[in-house]
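Below are the chains, spelled out letter by letter.
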Amino acid sequence: MDIAITGLRRSFGRVTALRGVDLTVQGGMFGLLGGNGAGKTTLMRIMAGVIAPGKGQVRIGGYDMTTRSGRRNVQRRLGYVPQELGLYPDLSPREFLDYVALLKGLDDTTARRRQVGELLDMVGLADVAGRRMKGFSGGMRRRVGIAQALLGDPALLIVDEPTAGLDPQERIRFRTLLAGLAGQRTVLLSTHIVEDVAQTCHDTAVLAAGQVIYTGSVTDLTRTAEGATWQMSSAGAPPTDGVVVSAVTREAGTQYRVISPARPSRDATSVPPTLEDGYVALMQRHTVSH
Amino acid sequence: MTGVREMLAVCRYEFWMQIRKRSLWITIALLAGSLAAGRFGMGPRYAPAPPGAPAQEVMTRWAFLFSVILPIAFGMALADRLLRDRRLHTAELLASLPPGPAGRLTGTFLGSVTATGAPALAAMLVAAGYETVRRGDPAMIPWGLAAFAAVLAPALVFVAGYALVCPLVLTTPLFRVLFVGYWFWGNLLLPATLPTPTGSLLSPIGSYAASWLLGTPVLHAGIPGPLPVLRPVPTGSAAAASISLLVVAGLLPLLTAGLLRSRRRTA
Amino acid sequence: MHSSDVEMWRHEAGRLGWAAGCGPALALVVAAAVAALTAGDGAGRPQVSLVLITGLEALLPLAVAMAATSVVATDRARELHLSLPTRYATVLGRRLGVLAGATSAAAVAFTGVLWAAGLWSGPPVVASPLLWAPAMAWLGGLAVFIALLTRSLLLATTAAGGVWLAQQLFASGFAAHDWARPLYLFPVSRLGAYPGWMTDRLVLTATIAPFAAGVLILLRRPERMLTEEEA
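Criteria and cut-off values
Residues numbered from 1 in each chain as written. Chains lettered and ligands numbered in written order. Predicted model: local features only at pLDDT ≥ 70, side-chain atom pairs only at ≥ 80, totals over all residues. Contact = placed C-beta atoms within 7 Å. Helix = DSSP H or I, 4+ residues; strand = E, 2+ residues; numbered from the N terminus. Nonpolar A, V, L, I, M, F, W, Y, C, P; charged D, E, K, R; others polar. Axes fitted to C-alpha atoms, helices over the stretch in contact; angles between N-to-C directions. Left-handed = near helix turned anticlockwise from the far one by under 90°. Expected span 1.5 Å × (residues − 1). Buried ≥ 20, exposed ≤ 12 C-beta atoms within 10 Å, placed from the backbone. Core = buried A, V, L, I, M, F, W, Y, C linked by C-beta atoms within 7 Å. Pairing = 2+ DSSP bridges.

Draft legend 1. The interface of chain C and chain A, seen in detail. Contacts between the two partners involve 17 residues from chain C and, on the opposite side, 23 residues from chain A. Those elements that provide at least two residues to the side of chain C that touches chain A are α1 (3-40) and α3 (78-82) of chain C. Looking at which element gives the most residues to the side of chain C that touches chain A, the answer is α1 of chain C, with five residues. In terms of residue class, the side of chain C that touches chain A is made up of six nonpolar, six polar and five charged.

Draft legend 2. Quick peek at the packing of helix α8 (residues 172-187) of chain B against helix α2 (residues 45-73) of chain C. The geometry of α8 of chain B relative to α2 of chain C is characterised by a closest axis approach of 9 Å and an angle of 145° between their N-to-C directions. The way α8 of chain B lies across α2 of chain C gives a crossing that is right-handed. Taking contact as the criterion, the partners of T172, P173, R176, V177, V180 and G181 of chain B in α8 of chain B are, on α2 of chain C, L59, L62, A63, M66, A67 and S70 of chain C. Of the residues contributing to the contact of α8 of chain B with α2 of chain C, the split by class is eight nonpolar, three polar and one charged.

Draft legend 3. Representation of unusual backbone geometry. You will see that A209 of chain A, though not glycine, has its phi angle at about 50°, which is positive. Topologically, A209 of chain A is positioned in the loop between β9 (203-208) and β10 (211-217).

Draft legend 4. Geometry of α8 of chain B. Compared with the 22 Å implied by 1.5 Å per residue over 16 residues, the 22 Å span of α8 of chain B between its first and last C-alpha is a close match. Across the 16 residues that make up α8 of chain B, a large majority, 13, are buried.

Draft legend 5. Representation of the nonpolar core in the model. Ranked by size, the top nonpolar core spans 149 residues in total, and within it A63 and F66 of chain B together with L62, L139 and A143 of chain C carry the most contacts. The residues touching L139 of chain C, leaving out its near neighbours within four places in the chain, are P61, L62, V64, A65, A160, V163, W164 and L185 of chain C. Counting residues in hydrophobic clusters, the runner-up holds 86 residues, among them A17, L33, L188 and Y214 of chain A.

Draft legend 6. Here's a closer look at the sheet that holds strand β1 (residues 3-12) of chain A. Residues and elements named next belong to chain A. Ordered by their spatial adjacency, four strands build an open sheet running β2-β1-β4-β5, and the pairing between neighbours is antiparallel. At either margin of the open sheet sits one strand with a lone partner, and together these are β2 (15-25) and β5 (63-64). Of the strands in this sheet, β1, β2 and β4 (55-60) touch helix α1 (residues 40-47), which is tilted by about 60° from β2.

Draft legend 7. View of the environment of T224 of chain A. Residues and elements named next belong to chain A. With respect to the helices and strands, T224 occurs in the loop between α8 (218-223) and β11 (229-234). You can call T224 buried: it has 24 C-beta atoms within 10 Å. For the pair T224 and L282, spaced 58 residues apart in the sequence, the C-alpha separation amounts to 6.7 Å. The contact partners of T224, leaving out residues within four places of it in the chain, are G278, A281 and L282.

Draft legend 8. Broad picture of the interface of chain C and chain B. Listed per partner, the contact involves 32 residues of chain C and 25 residues of chain B. Secondary-structure elements contributing two or more residues to the side of chain C that touches chain B are α1, α2 and α6 (153-169) of chain C. Top element by residues in the side of chain C that touches chain B is α6 of chain C. It accounts for eleven residues.

Draft legend 9. Seen up close, the environment of A239 of chain B. Considering the arrangement of structural elements, one finds A239 of chain B in helix α10 (residues 236-266). Ignoring anything within four residues of it in the chain, the contact list for A239 of chain B reads Y208, A209, W212 and P234 of chain B.

Draft legend 10. Molecular detail of the packing of helix α3 (residues 55-78) of chain B against α6 of chain C. Running from amino to carboxyl end, α3 of chain B crosses α6 of chain C at an angle of 150°, the nearest separation of the two axes being 9 Å. Judged by the twist between their axes, the crossing of α3 of chain B over α6 of chain C is right-handed. Residues I69, I72, A73, M76 and A77 of chain B of α3 of chain B form the contact with α6 of chain C, whose participating residues are L154, T157, T158, G161, G162, L165 and A166 of chain C. For the contact of α3 of chain B with α6 of chain C, the per-class residue count stands at eight nonpolar, four polar and no charged.

Draft legend 11. Just the pairing of β10 of chain A, in detail. Residue and element names in this part refer to chain A. In this structure, β9 lies alongside β10, joined through six bridges in antiparallel fashion. Bridge assignment links L207 to a residue of β10, and that residue is V212. Counting the residues in the hairpin turn of β9 and β10 gives two residues, including A209, whose phi is positive at 50°.

Draft legend 12. View of the sheet that holds β11 of chain A. Residue and element names in this part refer to chain A. The four strands lie next to each other as β12-β13-β11-β14, forming an open sheet whose pairing is antiparallel. Edge positions in the open sheet fall to β12 (243-249) and β14 (269-270), since each of these has one partner strand only. By the bridge criterion, six bridges tie β11 to strand β13 (residues 254-259) in an arrangement that is antiparallel. Bridge pairing in β13 places W230 opposite V258. Strand contacts of helix α9 (residues 275-289): β11, β12 and β13, with the helix running at about 140° to β12, the strand carrying the most contacts.

See below:
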């Protein structure tokens, strides 16, 4: 299901969350990166039909999201995992999924129950399917979130900050699960955790202050920091040139990884960049130019 | 002293959170405005025309006019305060901090109750300002404050104690129903119709304080009914007794809740 | 009705919850308790009957109004609901429908018990829903409308409670004017079931239309409910 957004603007009172977003997503796994307050959640909510778009064009699968009927049509083919996933603690995962399935229009009882069972198996919650969600861990709650989103076999999956607060094992499980889902559908992954995008997405966009400042492949974003990623050691104060991405304290001093257009110190060595380095380099250039 | 300082910190922030609620101000303004605009028995419209009536009488009439319905808003505003911590997932964080449950409860009570009373106080001051201009008597403002303190403030304390604690046991929707029903039954329904505390020292509408300030019984103060010992003639000492009883009665549920919470923490 | 419809209604009854769903029934229990206390105090049958009728006519609508505001005001999974193809107005409508149904069942059962015990002093039993249904719908409609309009539980519950109390206090004011009488919520317990009160109940029911229209208009933009005051 392809997504085409042109000139999207959205304000809430005096706060402008989106300032003319242009974005095209053809399919597969697509990452949306950006810091806190960049506008990612607002964009996700507009695409999920939770809030109406402001000005601009938003078309998903050919449907116009500025119309009510367009939004309904998309929602029938959509799975959404909100950032703040509210679950009913008095329900079990099976009951909750059954409820959401009914709201998605899955009226055939047999087919619905089969799908619920399969999804609980897929996300590894079959053993606790009948247990109330009140005592569920964060990871288990997220898995319920993914399972409900997959009800009805949606063509578009929108996942907002799915791995925030998860332990490393859960995070890897989630990434693997999401990557496996992208084969037959469009998966839009919104996150500020760069590693999630690096491990699962081919293409990505970066949002900053309500605008898209980069669209392209993950590889090209990584290359943004080529020749600008440095490793150096310092026994004293951290380097003042560039952005320090990591600092590891050892016996001899602190080893820094720095993003800087120029060599930050004489002993700094150029190293191959990661996606995180590319993201930082992009944000650095964006900040300087504004 | 650390405990007191912590409690005051809780009080300060509870005050700010509650006083910033726009809906609290709008609700009180709408209620007070409706009461002021209507023709209601024994209200300020029944005071002698300007410049006639003394400030004591005029502002007392305003106070008991407001006391008929404004406490409904007090109760609704405070009903889910303690449940909010559970809903917003702040309860766990707060429980991990040094101030114990008693200090937090005291701070919450003081802060939220003071803030809840602020719009009502503002309404009294607006009324006092209006009467000052209308009657040319600057004593309206100090008497407005006195009438608020004697009639409305005890009602607020009484309502607050039960509004904060009862929803923890009864659930909030049921509390709201019983509270409104109680307000009518316990303050305005005559004992001749049903056994009721209306007109007794425990009637939180402030009938004894208002009667003493006006020099004549109002709001059924002292009328015959159940528990005659709580129905003395409305005098100054009776008014003082009523105010004290209402404050103590309002603090009782908080004391109980505080004790239970402390025991749960150390269990 | 399909089995999936039944299951959907069962789910929505679960979302309504015990607190809101049983509130109105518990209000009737309170009325019965007060009536028992009154009887124990030596009051006669007419007095006891009046207390019970008051429970149906006055306390029940108040309980429904408070429960209805909590239905509309709080939902943990609201954002998820807004992303689903079933309109949120439909979801809320079902929950309020369950509330109305449960309340009606409790009211009918209460009426039956009173009638069988010889304590019924209201209208003919067949017409007894006129005693509680119009006021329940009116006060509930007002509360829901204000809750959706202002997104404030405080304003909605205070409005419902304030209107209820004002109507209790100023019965004579309503009785004095022909135009005001149909808007009075307690014609039997407070105005002695004056001639024509049943027709006035139908007029009261008609005045619910603006609230209903307002609610439907507000629910065309359910995203407003994402930012309720306490969130």
